[in-house]
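One-letter residues, chain by chain:
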Amino acid sequence: MTNLLLMPFEIKKEKSKYEFIVRDHPSTVIETPSIFNYVDLPDTSYILDLPSETINSGSLSAIQLETIIYSCQRHEQNLSDGSRAGYLIGDGAGVGKGRIAAGVILENFIRGRKKSIWFSISTDLKYDAEGDLRDIGCGDKIAVHAVNKLKNSTARTDVTASTKEGVIFCTYSDLINELSSSAKRLLCLEQLLKWCGPNFDGVIVFDECHLTNDINFSGSTNKRKTELAVLQLQNKLPNARIVYISTAAVSEPRSMASMVRLGLWGQDTPFKDFGEFLENVKNFGEIAGDMIAMEMRQRGSYVNRQLSFKDVTYQVVEVCQLSKFITTYDSSVKLWVHLRQSFTEAAELMDLGPKAQKIMWTNFWSAHHKFFRCLCMFAKVTHAVKLASEAVKRGESVVIGLQSTGEAYTLEKIPDDGSAMPNFVSTAKMIMQSLVEKRFPASDNLQLLADTCNNKGGTVGGKRKSVSNPVGTPKRIKQESTDDPSYCEIIDSSDASAPVFDYHSDSEADLNPKDEAAVEDRRIKVEKTSLIRQRLLEKIEELGTVLPPNWIDQLIDEFGGPKNVAEISSRKGRLVQKNNGMVQYEPRSEKDVPLDLINFRERERFMNGEKNIAIVSAAASCGISLHADRRAKNQSRRIYISLELPNSAELALQQFGCTHRSNQAKAPEFIFLVPELAGEKRSALITANRLQVLGATYINKRSNKYSTELYLEDVSEYDCAVRDAMNVITDQKSPFVQIPPDYKDYFFGDIKAALTELGLASSNILPLINDGVPEMLNRILGIPVDLQANLLEYCNCVRSMISNQEKMDGDNGVKILHLGFNKCVHYRKVLKLTSQTSKNPIAPAKIDLHEIEVDGGMDWRTAEEKWLPKSGQADEGIYLSKKEHFDKRDIILVRRLKIVGDGDKGDLKYTVIRPTTGVQLLPRSLAEITRKYIPQISVPKLAKMKHESLWNYHYDTSKNACIHNYWHRIKNESLEGCQVGLRSCETYKLLAGSIFLVWNEIESILKKNNPQWKMQIARVLVGNSNIVGIVIPDNCESQLITFLTKYYPNVNCIMH
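From a predicted model like this one, the values you see are computed outputs, not experimental measurements.

Explain the overall build of the chain to me, please; I cannot follow it from the model alone.
Helices and strands together make up the secondary structure of the chain, namely 36 helices and 33 strands. Within the chain, the proportion of its 1056 residues that are buried is 55%. Counting only contacts in the chain whose residues sit at least 6 apart along the sequence, the fraction spanning at least 24 positions is 74%. When the accessible surface of the chain is totalled, it reaches about 47,400 Å², and 49% of it is carbon and sulfur.

As structure tokens, then:
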């Protein structure tokens, strides 16, 4: 076996009787440019036991081996409650998280831990898990058993009796089903625990674990079944070696609830539970994820890397709405306004209590959002078809990405006998119709809510009532949520379909049946509400004739049917148009391909070039490969067209990852379709900013230009503009920008009226603003198209008028201060405080108090190492002043910056570095520089001058001598204390290390001595070391050290 010791991005090989070669990753991998990557990883001491052939083959690259080492090293540590510490892999798509997980399993298998469990979101990924194990050379040694095959066998003891070792592959859906109310379904979790045994210390992989959490923090009884199952499994197996895999967990802290083995909350931490942890995270604002990642990185429990997007291109395509679409959209707006009025009237007639009304409006606005998201997607379908067809003609392959399929609503409309229908099902129509049929407060819906409330421990009219097999209850299927792919194949849709209305849900007394007047009054009200509902359904039928069909069925039909499109989704069937024009529901399974293999087969067809177009839902995109793999037959360039973007950039990148992975022949192009509707630009902006940071190139089709430096406003700026605009419209602020010039009517009045129709009067719009901009934009979808466009234009005007100071003073959370950028930074001293315990011997909790000096100038050593050109253009290098002052010449260093303008005809700009003031922020042209300076090499007399001694003379003298004293030799009492021209030297104290866990205590100490002090995160580069920490004022140092030594008793002061 090989003995291998890895350090971050450096591999050290120890002598061994086996020779081995550690290979680089096949594609360029970068660490995301976040502050947490400025924190050093701990040292390693774990020695891998992987076979030499596994390493020599290159099936595990250097960075993958590094992650395996850190994961196994972390598993050697215990948390304070005695459970084994876990590890979080946050790598982006294409880095090879599956290979890493397989490597961890193999490492433990070799060490005698023969049993492992692998959880993921889809049964399709079982074949990928087998492939990962096969690729690292252990496919014949470690078998993968799908738990859904075992549990459905006639012998219910297969899991424990016949499967003695290997990997049990289980989806989160399997785990949820086994936790339902049926006693029979409890067997899966019990069987897994029995198979593992009480002292199980094998590997459990939770792949895509951020998709398991959807929690109400009011108590454990309200937690989702998936998260409850995951928590229960971890609690029952405290010695298990947990590996979490999630790209989006840190950027979305709410999704971390099941990651209890990271040790961020619980015993011996500042947070007793996840709720407290999450509440504290909110204090960090937009850098919350970075702070969490920084804490985990220095513990050695987290890694986050991405494939470089250097060769990837992307474009943002604005979609113009056709007049027919605008008419349909505006008609829908009017009907939704009428629906809201009708729901309000019916709720008053049926005397719904506050609880029932809250449930009613929650479901109403959820359906409202889903409906208009359907229309937004329909606005892009025609354009997507056009772009895809053009790409196929060019010899490229197309992947169309979307979040949801709308299958649940399609299945509700299909005839029981499977007969053909004249048209495709309109998902938008079904959303509206389903809302009215099942959630409108009419007589046959009231008792359903009563049963629901009673199941939660409430009462209706003081008595429990039951309903058996209520009419209209939808089939229980696994569906995809419009907003969040985490519901796909995880959350049982029966929860979402639960009835939600009751009569007198908050009343304490039954209706007196002897009161004939009351009985008659109730009968009249019930008849009236039933009539209102019937009229609503008639209006929906009328509007349904112009509402668009299901987007995925429409796309497949536009491309010529299923024979031309590889559909990769969680749908069990689809509607297909026949030659006679009728549409028929057909299962996706084929004669020789069962349903559980159909996605795998469709992927093969796409990769083999049998089909050039693939449609991929979010649920099915995780972990799959559709890129131009050098090993595949179809190596044409991939064009990824996003029909629907998630709100999170990390989730978007994860979905894009199916077309951008390692070992690709050609990098893909991403296309974002953006109609002028609320929220669409924001989603595209979030993702485009992220792609730009990772090195992708923006394509501007209008000017046919490529750029890696496209300016995109920060999302916080966009959100701030929306909030400010809404505050102006609702009279919370005075107008400070002009209304859109082309708007003919009364702008503010029309917007207010539209918002009022959406239930957003001035009195109740503030809570929605505080909830967040996405919620606000979701609601604004319900106003007419032209009014939306004008409102968004007004928001853009507001954004352009917001000053930098206003943004800093706004509710944007903690900002990051960059100290010493392009300056000389020196250590003065470091106070190291550690608390090394036996439970965590390798990466002890530590905090360092750094005292640094930021030099405003630049000494010769730094200038020579970092700025002096070794070779290059003749116009670069040392320049000296043309004139002498009292036998002295000024000296500067000039470096070419970049070309600004169009092509090679642009003007050259230069960076000037001075010994007294360092790097100058304002670039200058060569003409400006040569007015006063001349290159040293151009004048023989000056060329002999020793520029090093002159540079250091200026640098040293400027520390104490002002400009008058230095250049003009003026010495008199009037200039005493003059600071003009003095080289600045500022001292800062930074508290770095495990600051996340003691943030609140540090903040209280700082504010006690400085009431107006704001917590400030700063980062600085000192030599080759990056430091990220809290800026500490001088008057708090001693009190802070006294506090910290209680927790970190080992103190070591290092002077520099």
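I tried to follow the sheet that holds strand β9 (residues 241–245) on my own but got confused; where do I start?
Strands pair in a sheet through their backbones, by hydrogen bonds, and they do so in one of two ways: parallel or antiparallel. If you trace the seven strands from one edge of the open sheet to the other, you get β6-β7-β5-β8-β9-β4-β10, paired in parallel fashion. If you trace the sheet from one side to the other, it starts and ends with β6 (144–146) and β10 (302–303), each paired once.

Help me understand helix α13 (residues 354–393) in this model?
Residues spaced three or four apart along an α-helix point in a common direction, a consequence of the helix completing one turn every 3.6 residues. Taking 1.5 Å per residue, 40 residues should reach 58 Å; α13 reaches 58 Å between its end C-alpha atoms and fits that length. Of the residues one or two after α13, Gly-395 is the one with positive phi, at around 90°.

Looking at this model, I keep getting lost on the packing of helix α3 (residues 97–110) against helix α4 (residues 125–135). Mind explaining?
To characterise two packed helices, one gives the angle between the axes of the helices and the distance between these axes. Axis separation between α3 and α4 bottoms out at 9 Å; the angle between their running directions is 65°. Seen along the crossing, α3 lies across α4 with a hand that is right-handed. Contacts between α3 and α4 involve Gly-98, Arg-99 and Ala-102 from the former and Asp-132, Leu-133 and Asp-135 from the latter. Residue classes in the contact of α3 with α4 are distributed as two nonpolar, one polar and three charged.

Is there a simple way to explain unusual backbone geometry in this structure?
Glycine aside, residues mostly have negative phi angles, and peptide bonds mostly take the trans form. Unlike most non-glycine residues, Asp-268 shows phi in positive territory, near 60°. Structurally, Asp-268 can be placed in the loop between β9 and α10 (274–281). Taking relative accessible area as the criterion, Asp-268 reaches 63% and is therefore assigned exposed.

Can you walk me through helix α9 (residues 225–236) in this structure?
The end-to-end C-alpha distance of α9, which contains 12 residues, comes to 16 Å, matching closely the 16 Å that a straight helix rising 1.5 Å per residue would cover. For α9, the full list of buried residues reads Thr-226, Glu-227, Ala-229, Val-230, Leu-231, Leu-233 and Gln-234.

Would you explain the nonpolar core in this entry?
Formed by 141 residues in total, the largest nonpolar core has its most connected members in Phe-119, Ile-204, Phe-206 and Phe-672. Among the elements that line this core, the one with the most residues is α3, at seven residues. For Ile-204, the contacting residues outside a window of four places in its chain are Ile-117, Phe-119, Leu-233, Leu-237, Ala-240, Arg-241, Ile-242 and Val-243. Membership of the second largest hydrophobic core comes to 100 residues, among which are Val-385, Ala-388, Ala-721 and Cys-795.

Teacher, can you tell me more about the pairing of strand β14 (residues 565–568) here?
Within a regular beta strand, the side chains point alternately toward one face of the sheet and then the other, so they alternate between its two faces. Here β14 shows no split at all, with Val-565 and Glu-567 on one side and Ala-566 and Ile-568 on the other all buried. Across four bridges, β14 lies against strand β17 (residues 613–617) in parallel orientation. Bridge pairing in β17 links Ala-566 to Ala-614.

Please clarify how the pattern of salt bridges should be interpreted in this entry.
Side-chain pairing between opposite charges can occur once the charged atoms of the two side chains come close. Evaluated as defined, the whole model comprises 39 salt bridges. Salt-bridge contacts for Arg-299 lead to Glu-295; the nearest nitrogen and oxygen are separated by 3.1 Å. Here Arg-299 pairs with Glu-295, and both are found in helix α11 (residues 288–299), just four residues apart, close to one helical turn. The same class applies to Arg-299 as to Glu-295, namely buried. The residue Lys-525 makes a salt bridge to Asp-521 at a minimum N-O spacing of 3.3 Å. A residue pair is termed a helical-turn pair when its members lie 3 or 4 positions apart in one helix, as Lys-525 and Asp-521 do in helix α18 (residues 516–544) at four residues. In this structure Lys-525 comes out as partly exposed when scored by relative accessible area, which is 27%. Since its relative accessible area comes to 38%, Asp-521 is described here as partly exposed.

Where do I start with the environment of Leu-755 in this structure?
With respect to the helices, strands and loops of the structure, Leu-755 is situated in helix α25 (residues 747–757). Taking C-alpha positions, Leu-755 is 7.7 Å from Ile-783, a pair spaced 28 residues apart along the chain.

Would you mind going over the confidence of the model for the chain with me for this structure?
Any region with low pLDDT has predicted coordinates that should not be read closely. Of the residues in the chain, 77% reach a pLDDT of 70 or more, and the chain-wide mean stands at 78. Across the chain, β9 holds the top mean pLDDT of 96, while helix α17 (residues 493–496) sits lowest at 34. Scored below 50 in pLDDT, residues 1–18 shows 56 contacts in the model against residues more than four places distant or in partner chains. A low-confidence stretch, residues 899–906 (pLDDT under 50), is modelled with eight contacts involving residues beyond four sequence positions or located in other chains.

Just to check I follow, could you spell out the packing of aromatic side chains for this structure?
In this description, an aromatic ring pair is defined by two values, namely the gap between the centres and the angle between the planes. This structure, assessed with the given rule, holds 29 aromatic pairs. Where Phe-206 meets Tyr-244, the ring centres are 6.0 Å apart and the plane angle is 20°; that geometry is what we call stacked. Residue Phe-206 is located in strand β8 (residues 203–207), and its partner Tyr-244 is located in strand β9; the two are separated by 38 residues in the primary sequence. With relative accessibility at 1%, the residue Phe-206 sits in the buried group. An aromatic cluster of at least three residues, connected via ring pairs, comprises Phe-325, Tyr-329, Trp-336, Phe-343, Trp-361, Phe-364, Trp-365, Phe-371, Phe-372, Phe-378 and Phe-440.

Would you mind showing me how to read the side chain of Arg-661 here?
Looking at where Arg-661 falls in the secondary structure, it is placed in the loop between α22 (649–656) and β19 (669–675). One buried charged residue, Arg-661, remains without a salt bridge, the closest side chain of opposite sign being Asp-128 at 7.0 Å. One polar contact links the side chain of Arg-661 to the main-chain carbonyl oxygen of Ile-624, over a distance of 3.2 Å. Engagement of the side chain of Arg-661 in a polar contact is seen with the backbone oxygen of Gly-657, the distance being 3.1 Å. The contacts of Arg-661, once residues within four sequence positions are left out, are Ser-27, Ala-93, Gly-94, Leu-307, Gly-623, Ile-624, Ser-625 and His-627.

Would you mind going over the side chain of Asn-304 with me for this structure?
Structurally, the position occupied by Asn-304 is in the loop between β10 and β11 (305–307). Given a relative accessible area of 7%, Asn-304 falls into the buried group. Of note is the side chain of Asn-304, whose polar atom sits 2.8 Å from the side chain of Tyr-302.

Help me out: how do you make sense of the packing of helix α2 (residues 62–75) against α3 in this one?
Where α2 meets α3, the closest approach of the two axes is 9 Å, and the angle between their N-to-C directions is 50°. By the angle between their axes, α2 is oblique relative to α3. The two elements α2 and α3 cross, and the hand of that crossing is right-handed. Of the residues in α3, those touching α2 at Gln-64, Thr-67, Ile-68, Ser-71, Cys-72 and His-75 are Arg-99, Ile-100, Gly-103, Val-104, Glu-107 and Asn-108. The class makeup of the residues in the contact of α2 with α3 is four nonpolar, six polar and two charged.

Can you help me understand the environment of Tyr-718 in this one?
Relative to the helices and strands, Tyr-718 resides in helix α24 (residues 715–729). Taking the C-alpha atoms as reference points, Tyr-718 and Leu-685, 33 residues apart in sequence, are found 9.1 Å from one another.

Here is what the cut-offs are and how they apply
- Residues numbered from 1 in each chain as written.
- Predicted model: local features only at pLDDT ≥ 70, side-chain atom pairs only at ≥ 80, totals over all residues.
- Heavy atoms only, no water.
- Helix = DSSP H or I, 4+ residues; strand = E, 2+ residues; numbered from the N terminus.
- Buried < 20%, exposed > 50% of the residue type's maximum accessible area, 1.4 Å probe, protein only.
- Contact = heavy atoms within 4.5 Å.
- Areas by Shrake-Rupley, 256 points an atom, 1.4 Å probe, with all protein chains shown as cover.
- Pairing = 2+ DSSP bridges.
- Expected span 1.5 Å × (residues − 1).
- Axes fitted to C-alpha atoms, helices over the stretch in contact; angles between N-to-C directions.
- Left-handed = near helix turned anticlockwise from the far one by under 90°.
- Nonpolar A, V, L, I, M, F, W, Y, C, P; charged D, E, K, R; others polar.
- Core = buried A, V, L, I, M, F, W, Y, C linked by side-chain atoms within 4.5 Å.
- Salt bridge = Lys/Arg side-chain N within 4 Å of Asp/Glu carboxyl O.
- pLDDT = per-residue confidence, 0-100.
- Phe/Tyr/Trp six-rings, centres within 6.5 Å; stacked < 30°, edge-to-face > 60°.
- Lys, Arg positive; Asp, Glu negative; His and termini not counted.
- Polar contact = N/O pair within 3.5 Å; in protein donor to acceptor, adjacent residues only side chain to side chain.
- Parallel < 35°, antiparallel > 145°, perpendicular 65-115°, else oblique.

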